[in-house]
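The chain contents come next:
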Amino acid sequence: MKNQKPIQDYYPDELSYCYGCGRNNEYGHHIKSYWDGDETVSHFTPKEYHIAIPGYVYGGLLASLIDCHGTGSAALAAYKAENRQPDTLPAFRFVTASLQVDFLKPTPLGVELELRGKIVEVKGRKVITEITVSANGEITVKGKVVAVQVPETFLK
Ligand SMILES: CCCCCCCC/C=C\CCCCCCCC(=O)SCCNC(=O)CCNC(=O)[C@H](O)C(C)(C)COP(=O)(O)OP(=O)(O)OC[C@H]1O[C@@H](n2cnc3c(N)ncnc32)[C@H](O)[C@@H]1OP(=O)(O)O
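- Taking an unreviewed UniProt entry as the reference, the protein chain is identified by name as Acyl-coenzyme A thioesterase THEM4 belonging to Stygiobacter electus.
- The Sequence similarities (unreviewed entry) field of the UniProt record for the protein chain holds the comment "Belongs to the THEM4/THEM5 thioesterase family."

And the structure:
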C-alpha cells in the first residue's frame, strides 16, 4: 500500500473536481483509495466541523466517504478483473448508481477513520462493493455501493 498511487490520482484533471475525491476541489474530502490485499482501504480524519452532536461525526459525511471509496474501489476492481494497470486504456470511469448506508453505532469525532472495501461483484459495467467504516478498530458504519461505468456520452 505504501508505494501505491491511489486510484484517484489516475483520474484526469477534468474529472478531478468531485467533492468526495477530486484532488482539484479545494473544499472537498480528497478521498484516496488503495489495495490492501484483496480489500481496498482509505483513511480520513473528520474535522471538528464534521459534527452531528458533540463528540460524534455527521452521518452524511460518513455516507459521502463510503460513496467515493466505493466508486474508487469499483475502478480498482475493474482494472484488476482485466489484469491491467490503472494507467492503461480504456480508462474505467464509475459513478454511483446506488448507495445504501447502515449506521450501526455512533462514530466518534477526533480520530482517524478507516474505510475498508470488499469487492462483491464485477459484472459488465457494474461493480458492487461493501464498505465498512471503523473508528478505534470498531466498525460503526456499513455501506453497499453499486457503481456503474458512465456512458461515453457523459464524458463529452
Ligand atoms: C454526476 C455525473 C458525473 C459524470 C462524470 C463521471 C466521471 C467519473 C470519473 C471519475 C470519477 C470521479 C467522480 C466519482 C463519483 C463519486 C460518486 C458520485 O457522486 S457520482 C454522482 C451521483 N450519481 C449519479 O449522478 C448517477 C446518475 N445515474 C445515472 O447516470 C444512471 O442511472 C447510471 C449511469 C448509474 C446507470 O444507468 P445506465 O442506463 O447506464 O445503466 P443500466 O444499463 O440500466 O444498468 C447497468 C447495471 O447497473 C445496474 N443498476 C443501475 N442502476 C442501479 C441502481 N440504482 N441500483 C442497483 N443497480 C443498478 C443495472 O441493474 C445493471 O446491472 P445488470 O447488468 O443488469 O446486472
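Digging into the site of the ligand
Part 1 of the argument: Surveying the vicinity of the ligand reveals 21 residues, the closest of which are Thr96, Lys123, Arg125, Lys126 and Phe154.
Part 2 of the argument: One nitrogen or oxygen atom from the side chain of Lys126 is found 2.8 Å from an oxygen atom belonging to the ligand.
Part 3 of the argument: Protein burial of the ligand: of its 1300 Å² of free accessible surface, 56% is covered by the chains.
Part 4 of the argument: Counting residues per element, the ones that place at least two in the shell around the ligand are α1 (59–81), β3 (94–103) and β6 (138–149).
Part 5 of the argument: Here the element with the most residues in the shell around the ligand is β3; it accounts for 5 residues.
Part 6 of the argument: Looking at side-chain class alone, the shell around the ligand contains 13 nonpolar, 3 polar and 5 charged residues.

Considerations on the nonpolar core
Taken as a class, soluble globular proteins show a tendency for nonpolar side chains to be buried jointly.
Part 1 of the argument: Grouped together as the largest cluster of nonpolar side chains are 30 residues, with contacts concentrated most on Leu62, Leu65, Ile66, Phe94 and Val133.
Part 2 of the argument: Among the elements of the structure, α1, β4 (113–123), β5 (126–135) and β6 are those that each provide at least two residues to this core.
Part 3 of the argument: It is α1 that contributes the most residues to this core, 11 residues altogether.
Part 4 of the argument: Beyond its immediate chain neighbours, meaning those up to four positions away, Val133 contacts Leu62, Ile66, Leu113, Glu114, Leu115, Glu138, Ile139, Thr140 and Val141.

What to know about the sheet that holds β4
Part 1 of the argument: An order of β1-β2-β4-β5-β6-β3 is seen for the 6 strands of this open sheet, with the pairing classed as antiparallel. The two strands at the open ends of the sheet, each matched to only one other strand, are β1 (34–36) and β3. Mean inter-strand twist for the sheet, computed between neighbouring axes without regard to direction, equals 30°.
Part 2 of the argument: Where β5 and β6 come together, 10 bridges link them in antiparallel fashion. Bridging across to β6, Val133 finds its partner in Val141.

Considerations on α1
Part 1 of the argument: With 23 residues, α1 should reach 33 Å at 1.5 Å per residue; the first-to-last C-alpha distance of 32 Å fits that figure.
Part 2 of the argument: Counted residue by residue, α1 has 17 buried out of 23 residues, so it is predominantly covered.

Quick notes on the environment of Val146
Part 1 of the argument: Structurally, the position occupied by Val146 is in strand β6.
Part 2 of the argument: Using a relative accessible area of 16% as the deciding quantity, one classes Val146 as buried.
Part 3 of the argument: Considering only alpha carbons, one finds Val146 and Glu130, 16 residues apart in sequence, at a separation of 9.0 Å.
Part 4 of the argument: If we ignore the near neighbours within four places in the chain, the residues touching Val146 are Val95, Thr96, Ala97, Ser98, Lys126, Val127 and Ile128.

Section: the side chain of Thr107
Part 1 of the argument: Relative to the assigned elements, Thr107 resides in the loop between β3 and β4.
Part 2 of the argument: Since its relative accessible area comes to 2%, Thr107 is described here as buried.
Part 3 of the argument: Setting aside its immediate chain neighbours within four residues, Thr107 contacts Gly55, Tyr56, Val57, Leu62, Leu113, Ala135, Thr140 and Val141.

Some points on the UniProt feature "domain: Thioesterase" (unreviewed entry) in the protein chain
Part 1 of the argument: Mapped onto this structure's residue numbering, the UniProt feature "domain: Thioesterase" (unreviewed entry) falls at residues 55–137.
Part 2 of the argument: A distance of 17 Å separates the end C-alpha atoms of residues 55–137, which is 28% helix and 37% strand.

Examining the environment of Cys21
Part 1 of the argument: As for its position among the elements, Cys21 is in the segment before β1.
Part 2 of the argument: The exposure class of Cys21 is buried, given its relative accessible area of 7%.
Part 3 of the argument: The sequence separation of Cys21 and Ile128 amounts to 107 residues, and the corresponding C-alpha distance is 19 Å.
Part 4 of the argument: Excluding its chain neighbours within four sequence positions, the residues that come into contact with Cys21 are Gln8, Tyr11, His30, Ile31 and Cys68.

Scoring rules and cut-offs
Residues numbered from 1 in each chain as written. Predicted model: local features only at pLDDT ≥ 70, side-chain atom pairs only at ≥ 80, totals over all residues. Heavy atoms only, no water. UniProt positions renumbered as here; feature names shortened; annotations may be inferred. Near = heavy atom within 4 Å. Polar contact = N/O pair within 3.5 Å; in protein donor to acceptor, adjacent residues only side chain to side chain. Areas by Shrake-Rupley, 256 points an atom, 1.4 Å probe, with all protein chains shown as cover. Helix = DSSP H or I, 4+ residues; strand = E, 2+ residues; numbered from the N terminus. Nonpolar A, V, L, I, M, F, W, Y, C, P; charged D, E, K, R; others polar. Core = buried A, V, L, I, M, F, W, Y, C linked by side-chain atoms within 4.5 Å. Buried < 20%, exposed > 50% of the residue type's maximum accessible area, 1.4 Å probe, protein only. Contact = heavy atoms within 4.5 Å. Pairing = 2+ DSSP bridges. Axes fitted to C-alpha atoms, helices over the stretch in contact; angles between N-to-C directions. Expected span 1.5 Å × (residues − 1).

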